[in-house]
Amino acid sequence: MATLETRVRLSHCRICKNQNHLKDATPNVLSIQKSVIWGNVGNEIARFPLQVLGFDVSTINSVQFSNHTGYGKWKGQVLNADDVAELFEGLRINNLLHFSHVLTGYIGSESFLEKVGETVMEMKKSNPKLVYVCDPVMGDNGKLYVKEELIPVYREKIVTLADIITPNQFELEILTDSKVSSEEEAFIAINKLHQKGVKTVVLSSSELGSNGLLVCLASTAANGFRQKYRLEIPYIDATFVGTGDLFAASLLAWMHKDSDLKIALEKTMATLQAVIRRTLAYATKIAEKGMRPTPAQMELRLVQSKADIENPQVSLKAQDVSLCNAILRT
């Protein structure tokens, strides 16, 4: 049993001005992305795997919807800069704006995104070790999910703050104003993000593969050297919502734990494959005979995949395609 002196000392520690040391033992993530009442996307996706893997998770919702947009109909609110500024101020005045990681996903308001960028910059000044993981959710398959006004904010402000960024093929093209139709072009575009200060770039999904395979590309740059990886993924003919959110959260966790992009990429992909295969098997089983599963039936089986999240069984190996540790060139 703790002595009175110990309890007083701990109580004082909890309210002392500099609270950073309280978080040393457990990494803590501020996750800023969409939230839904029904289903698994955004913060609902990010929170569970991060907590299972030993992270404290705090969340701010960028939008609050009844359900994800894959259902075709939804209701809810898109938050703006004033909404998030008030939340940040509440954390600030209580000296609680201290996190080891910031994770951002879907943001639907230009002013909200700008305020997030300003606050991440503030947090990095007070904690240079803070890691910002950005999933720049803007669109896919040639279609934008957000207003065009958000694009320059991502290009000019957010990218320069990100330590790790996880665009899909379409988003990589938008961020770099480049056409990506081959792996060579993808790595050229990725290098443009490195030149803006992003340490690690992972092309989370692309249509660059062949023979029923998708390709994930990853690159890390530090001290003038670059390491590149390529991972092939079997194509599954089904539509899943929230996989990008799960990918970014898992990558954050394994990059922190292993400090190795190849291992983190393989474990992240193993997690993703386990979850979507379990989801598809469940949805197929309960769907009406001869009918494709409904969006509700295809909600990711996240809780049911707890063991796979904690201990992903790696079967897909990433290939080192660096050629050599060449000095980065413009």
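Up top is the structure these notes are about.
Everything numeric here is computed off the predicted structure, so don't read it as measured data.

Conventions adopted
Residues numbered from 1 in each chain as written. Predicted model: local features only at pLDDT ≥ 70, side-chain atom pairs only at ≥ 80, totals over all residues. Heavy atoms only, no water. Helix = DSSP H or I, 4+ residues; strand = E, 2+ residues; numbered from the N terminus. Rg over C-alpha atoms; globule rule 2.2 N^0.38 Å. Buried < 20%, exposed > 50% of the residue type's maximum accessible area, 1.4 Å probe, protein only. Pairing = 2+ DSSP bridges. Expected span 1.5 Å × (residues − 1). Arc of directions from axis to C-beta. Contact = heavy atoms within 4.5 Å. Core = buried A, V, L, I, M, F, W, Y, C linked by side-chain atoms within 4.5 Å. Salt bridge = Lys/Arg side-chain N within 4 Å of Asp/Glu carboxyl O. Disulfide = S-S within 2.5 Å. Phe/Tyr/Trp six-rings, centres within 6.5 Å; stacked < 30°, edge-to-face > 60°. Lys NZ or Arg CZ within 6 Å of the ring centre and 35° of its normal. Polar contact = N/O pair within 3.5 Å; in protein donor to acceptor, adjacent residues only side chain to side chain.

*Asks:* Help me understand the overall build of the protein chain in this model?
*Replies:* Along its length, the protein chain carries 10 helices and 12 strands. Taking 330 residues into account, the globule formula puts the C-alpha radius of gyration at 20 Å, and the protein chain, at 20 Å, falls close to it. In terms of its C-alpha atoms, the protein chain occupies a principal-axis envelope of roughly 65 × 55 × 40 Å. Every one of the 330 residues in the protein chain was classed for burial, and the buried ones make up 49%.

*Asks:* Whenever I open this one, the sheet that holds strand β10 (residues 213-222) confuses me. Can you help?
*Replies:* Sheet strands line up and pair through hydrogen bonds in the backbone, either parallel or antiparallel. Strand order in the open sheet formed by 10 strands is β3-β2-β1-β4-β5-β8-β9-β10-β11-β12, and the pairing between neighbours is mixed. Two strands bound the open sheet, and with one partner strand each, they are β3 (76-78) and β12 (319-320). The pairing of strand β4 (residues 101-104) with strand β5 (residues 131-134) spans four bridges and is parallel. Across the sheet, the residue bridging to H101 is V131, located in β5.

*Asks:* Explain helix α5 (residues 150-161) to me, please; I cannot follow it from the model alone.
*Replies:* A turn of α-helix holds 3.6 residues, and therefore any two residues three or four places apart point the same way. With 12 residues, α5 extends 16 Å between its outermost C-alpha atoms, agreeing within 8% with the 16 Å of an ideal straight helix rising 1.5 Å per residue. All buried positions along α5 are accounted for by L150, I151, V153, Y154, I158, V159 and L161. Looking down the long axis of α5, one finds its buried residues gathered within 150° of arc, a one-sided arrangement. For α5, the secondary structure elements touched by its buried residues are α4 (110-126), β5, β7 (143-144), β8 (164-165), α6 (169-176) and α7 (183-195).

*Asks:* Looking at this model, I keep getting lost on the nonpolar core. Mind explaining?
*Replies:* Across soluble globular proteins, nonpolar side chains show a tendency to be buried alongside one another. If you look at the biggest cluster of nonpolar residues, it comprises 51 residues, and the most contacted ones within it are Y132 and Y154. In this structure, Y132 is in contact with V102, T104, V120, K124, I158, L161, A162, D163 and I164, ignoring residues within four places of it in sequence. One finds V57, M255, I276 and L300 within the second-largest nonpolar core, a separate group that totals 42 residues.

*Asks:* I tried to follow the pairing of strand β2 (residues 56-67) on my own but got confused; where do I start?
*Replies:* The side chains of a regular strand alternate between both faces of the sheet. In this sheet, β2 lies alongside strand β1 (residues 28-38) in parallel orientation, the contact comprising nine bridges. Following the sheet pairing, W38 is matched in β2 by N67. For β2 and β3, the ladder comprises three bridges, and the chain directions are antiparallel. Paired with F65 across the two strands is G76, which belongs to β3.

*Asks:* Explain the pattern of salt bridges to me, please; I cannot follow it from the model alone.
*Replies:* A side chain of one charge can pair with a side chain of the opposite charge if their charged atoms are brought near each other. The full count for this structure, using the stated rule, is 15 salt bridges. Among the salt bridges present, the one from E122 reaches R92, with a minimum N-O distance of 2.9 Å. Remark: R92 occurs in helix α3 (residues 81-93) and E122 occurs in helix α4; sequence separation between them is 30 residues. Connected via shared salt-bridge partners are E89, R92 and E122.

*Asks:* Looking at this structure, how should I read the state of the cysteines?
*Replies:* A covalent bond between the sulfur atoms of two cysteines is referred to as a disulfide. Across all of its chains, the model carries zero disulfides by this definition. Not engaged in a disulfide, the cysteine C134 finds its nearest cysteine sulfur in C216; these two sulfurs lie 16 Å apart.

*Asks:* Got a minute to help me understand the packing of aromatic side chains in this structure?
*Replies:* Remark: the centre distance and the inter-plane angle together describe each pair of aromatic rings, the angle taken between the planes. Counted under the stated rule, the structure contains one aromatic pair. Ring plane angle 40° and centroid distance 6.1 Å describe the contact between F65 and W74, whose orientation is recorded as tilted. Taking relative accessible area as the criterion, W74 reaches 38% and is therefore assigned partly exposed. Over the ring of F187 we find K228; its NZ or CZ atom is 4.7 Å from the centre of that ring. The ring of Y282 is capped by R301, whose NZ or CZ atom sits 3.6 Å from the centre of that ring.

*Asks:* Even after reading the chapter, I still don't get helix α8 (residues 243-258), so can you show me in this structure?
*Replies:* In a regular helix each residue adds 1.5 Å, so 16 residues correspond to 22 Å; α8 covers 22 Å between its end C-alpha atoms and thus fits that length. Looking at α8, one finds that the buried residues are D245, L246, F247, A248, A249, S250, L251, L252, A253, W254 and M255. With its phi angle positive at about 50°, S259 sits one or two positions after the end of α8.

*Asks:* Is there a simple way to think about the side chain of S219 in this case?
*Replies:* On the secondary structure map, S219 appears in strand β10. A distance of 2.8 Å separates a polar atom in the side chain of S219 from a polar atom in the side chain of R226. Once residues within four sequence positions are removed from consideration, S219 is found in contact with F187, I190, H194, K199, T200, V201, R226, Q227, K228 and L261.

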